[in-house]
Amino acid sequence: MAYASSLSGFKDGSLQGDSARLDEEAFCFIYRSRDNVPEPTHRGSGRMNDSSSRELERRIVALESQSETGDDFDAVSWWWIIGLGIVLPLGLIVLGWFV
Amino acid sequence: MTISAQSSADEGGWPLLRSERVWGSWRLAIALVTASAATWCYLVGEVVGHYLKFIQGGVALTAGTMIGMVLVILSAGPTCVRFGIESIASIKPQFGSRGWVIPAAFQYISIVAWNALLLIFFAKSMTQLLTAIGWLPANGPRIVPFTTAFACAIVYIVLLWGARGVTRISSVLVLHVLAGLWMLYMLVSRRWPELIAAQAALAHSDRLWNYTTGVEIGISACLTWWCYMGAMIRMAPSGRVITMPVMLGMSVPVFVLSLIGIAGVLILKVSDPSSWLLTVGGPLYGVIALSFVAAGNFGTAMVGIYATAAGLRNFRGLQTMPWSVLLLVAIMPIAFVGTLAPEWVFEHYGTLVAFAGVGFAPIAGIQIADYYVLRRRRVDIRAIYDRRAAGKYFYWAGVNPAAVVAMIAGCATYIYLLNPLTYESHGPFRFLTASLPAVVVAASVFVALTILFIVPAKRGAYELGSPLN
């Protein structure tokens, strides 16, 4: 698939500065299909759009591969969330009522 | 990753990669404390002080802020920290690839209004300070509009650095929280008997109603942090790193500084320390504290404007706009309001607190229900940035009707239970607050409509993570 081959190029930097073919591929694999490539939004700044799209795509691919994704809450996080966000306020509400 | 690429991602509204997210717990905590500790805390305290005595008001407010923060961290937290995106981008799976403008409008109006207010406070504190040190005559010219414009200019220059600007300035401004603790100590130590005996001026005959209102104000105040949350926590790499800073860094300063507001309104009949610092603390301490109060508002406004600019990147027409111009778009309304109508804004801050609860409680409910119940934590980062009609989060015309209806139901629930302008209440408010039922109603309506209509219509990519399959 086009986006798969382009990905390796983006990762090792070999495709930097390539021509219109690169831009088209980069733009395509954001949208997964060449049939749905939209018109550039800002006609007067097409170069900037392509550059932005390539960088956005590089980031999305990295996040999809899980290699650059942040971690969700783990058990320790949940312990603190429940303790500070539920148990502590409930205790305070009961305590405050009798003050 | 080069610094320029990271800077571009920061300013461009792109998702940040884990390798770029270098803030640890302390760094994040300092930024969040800087963001949360400002004059609005005194205002929140003032509202509570109208209904509750000092200790009970402090306890109710503390409980409310912790509840508010747990709602915020569970709604925007997971998606933002996993994918390095800000709050508005994180709401697209629920509201749709165009429907996100609804929460974005709440965010923009809320941040603009609050930060205009904060910069006006900054200007007032500066005016008091200049008067105290003799640089301005006691009945001299009104310089608030000029000081507000000056503050906007400084914020603009600092934020040209993006998140790096926030990092640098927050390292210094966090010290003003210590000044807040000193102000609290001063009031408590010098006026304790008076403080304990002071009665709330607007206390209802129903003690439970007063108490619940105190909790509700704490929840509403902290729900505002939904706007700021994503822009800050996306700089950290994991849920574990953000949990303690968010739960404590955004709530502890609020209730600690709010105690100053409660104490101020109970014994001095005014919550804003810049109005009484010189009287209570004397010229030297007063000048020092006024400097920190001014600085605190400045730091909070800076983080707010940064979050606004980051959120504006989601608008198609603003995606490629240079960061310097985008900052102007974010800051100009604040400068406009702050310089042309400072007194009007100052007199209507109560409306802003109410607005936060009405708008952000349903948003939190919808986002929590969608992430944990319907999607089972499965979010498609590509779909968040896909605006095509075939996109997974396009729904109908880019809007998820289930989210819109749930939002309306949540807002209506809140307003029915507690009129945010008059504080007139109905039904079970005195037992449940208004924010919590609004969260539950919005979440329930959203889940029901999604199961009944959205999933069968195969919209929203729920077939991937839906418990129905």
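In this text, all values refer to a predicted model and were calculated from it rather than measured experimentally.

Student: Looking at this structure, I do not really get the overall build of chain A. What am I missing?
Tutor: What chain A contains, in helices and strands, is 4 helices and 0 strands. Overall, chain A shows an N-to-C arrangement of helices and strands of α-α-α-α. Taken over 99 residues, chain A has a buried fraction of 28%. Counting contacts in chain A only where the partners sit at least 6 residues apart, residues at least 24 apart contribute 43% of the total.

Student: Which parts of the structure should I look at to understand the environment of I109(B)?
Tutor: Residues and elements named next belong to chain B. Its location among the elements puts I109 in helix α8 (residues 101-132). For I109, a count of 15 C-beta atoms within 10 Å gives the class partly exposed. Sequence separation between I109 and F355 is 246 residues, and the spatial gap between their C-alpha atoms is 9.7 Å.

Student: Quick question: what am I supposed to make of the nonpolar core here?
Tutor: For soluble globular proteins, the rule of thumb is that nonpolar side chains tend to be buried together. L28(B), V72(B) and A442(B) are the most contacted members of the largest nonpolar core, which totals 177 residues. Counting the residues that make up this core, at least three belong to each of domain 1 (2-64) and domain 2 (73-99) of chain A. When neighbours within four sequence positions are excluded, L28(B) is seen to be in contact with W23(B), M232(B), I233(B), M235(B), A236(B), V241(B), I242(B) and P245(B).

Student: What is the right way to look at the interface of chain A and chain B in this model?
Tutor: Accessible area lost on assembly of the parts is the figure often given for the size of an interface. Residue-level contacts link 38 residues of chain A with 44 residues of chain B. Considering every element that reaches the side of chain A that touches chain B, the biggest residue donor is helix α4 (residues 75-97) of chain A, with 14 residues. Its residues assigned to classes, the side of chain A that touches chain B comprises 20 nonpolar, 11 polar and 7 charged.

Student: What is the right way to look at the environment of G261(B) in this model?
Tutor: Residue and element names in this part refer to chain B. With respect to the secondary-structure elements, G261 resides in helix α15 (residues 252-268). Looking at G261, the number of C-beta atoms within 10 Å reads 26, which means it is buried. Expressed as a C-alpha distance, the spacing of G261 and G45, which sit 216 residues apart in the sequence, is 4.2 Å.

Student: Honestly, helix α4 (residues 54-75) of chain B in this entry has me stumped. Any pointers?
Tutor: Note on helix geometry: an α-helix contains 3.6 residues per turn, so any two residues three or four positions apart are oriented the same way. Under the 1.5 Å per step criterion, the end-to-end length of α4(B) is 32 Å for 22 residues, consistent within 8% with the ideal 32 Å. Along α4(B), 20 of the 22 residues are buried, which leaves the element largely enclosed by surrounding structure.

Student: Any chance you could explain helix α2 (residues 25-36) of chain B here in plain terms?
Tutor: All names here are of chain B. In a regular helix each residue adds 1.5 Å, so 12 residues correspond to 16 Å; α2 covers 16 Å between its end C-alpha atoms and thus fits that length. Most of α2 sits inside the fold, with 9 of its 12 residues counted as buried. By the burial criterion, the buried members of α2 are L28, A29, I30, A31, L32, V33, T34, A35 and S36.

Student: What is the right way to read the packing of α4(B) against α15(B) from this model?
Tutor: A pair of packed helices is characterised by two quantities: the angle between their axes and the separation of those axes. Residue and element names in this part refer to chain B. At their nearest, the axes of α4 and α15 sit 10 Å apart, and the two run at 150 degrees to each other. Classified by the angle their axes make, α4 and α15 are roughly antiparallel. In this structure, the crossing between α4 and α15 has a hand that is right-handed. Judged by residue contacts, F54, G57, G58, L61, T62 and T65 of α4 engage V254, F255, S258, L259, I262, A263 and L266 from α15. Classifying every residue of the contact of α4 with α15 by side-chain character gives 8 nonpolar, 5 polar and no charged.

Student: Looking at this structure, how should I read the environment of D206(B)?
Tutor: One can find D206(B) in the loop between α11 (176-197) and α12 (207-223). D206(B) sits 148 residues away from G58(B) along the chain, and the two C-alpha atoms are 18 Å apart.

Student: Before we go on, may I ask you to explain the confidence of the model for chain A in this structure?
Tutor: In low-pLDDT segments, the atomic positions of the prediction should not be examined closely. Residue and element names in this part refer to chain A. Of the residues in chain A, 49% reach a pLDDT of 70 or more, and the chain-wide mean stands at 64. Confidence, expressed as mean pLDDT per element, reaches its minimum in chain A at helix α1 (residues 2-12) with 33 and its maximum at α4 with 95. A low-confidence stretch, residues 1-48 stays under pLDDT 50, and its non-local contacts, those more than four residues away or across chains, total 44 contacts.

Student: I would appreciate a short explanation of the confidence of the model for chain B in the present structure.
Tutor: Averaged over all residues, the pLDDT of chain B equals 83, while 87% of them reach at least 70. We note a pTM of 0.81 for the whole complex and an ipTM of 0.82 for its interfaces.

Student: What am I meant to see in the packing of α4(A) against helix α14 (residues 239-249) of chain B here?
Tutor: Between α4(A) and α14(B), whose axes approach to 9 Å, the crossing angle comes to 15 degrees. Overall, the two elements α4(A) and α14(B) adopt an arrangement that is roughly parallel. When the axes of α4(A) and α14(B) are compared, the crossing they make is left-handed. Contact residues: V76(A), S77(A), W80(A), I81(A), L84(A) and G85(A) in α4(A); G239(B), R240(B), T243(B), M244(B) and M247(B) in α14(B). Taken together, the residues of the contact of α4(A) with α14(B) sort by class into 6 nonpolar, 4 polar and 1 charged.

Student: How should unusual backbone geometry be read in this particular structure?
Tutor: Leave glycine aside and you will find that most residues have negative phi; peptide bonds, for their part, are mostly trans. Of note, the phi angle at Q66(A) is positive, near 70 degrees, even though the residue is not glycine. The topology assignment puts Q66(A) in the loop between α3 (46-64) and α4. A positive phi is found at R376(B), a non-glycine position, where the angle reads about 50 degrees. As for its position among the elements, R376(B) is in the loop between α19 (349-374) and α20 (381-384).

Procedures and definitions
Residues numbered from 1 in each chain as written. Chains lettered and ligands numbered in written order. Predicted model: local features only at pLDDT ≥ 70, side-chain atom pairs only at ≥ 80, totals over all residues. Helix = DSSP H or I, 4+ residues; strand = E, 2+ residues; numbered from the N terminus. Buried ≥ 20, exposed ≤ 12 C-beta atoms within 10 Å, placed from the backbone. Contact = placed C-beta atoms within 7 Å. Core = buried A, V, L, I, M, F, W, Y, C linked by C-beta atoms within 7 Å. Domains from an automatic or database assignment. Nonpolar A, V, L, I, M, F, W, Y, C, P; charged D, E, K, R; others polar. Expected span 1.5 Å × (residues − 1). Axes fitted to C-alpha atoms, helices over the stretch in contact; angles between N-to-C directions. Parallel < 35°, antiparallel > 145°, perpendicular 65-115°, else oblique. Left-handed = near helix turned anticlockwise from the far one by under 90°. pLDDT = per-residue confidence, 0-100.

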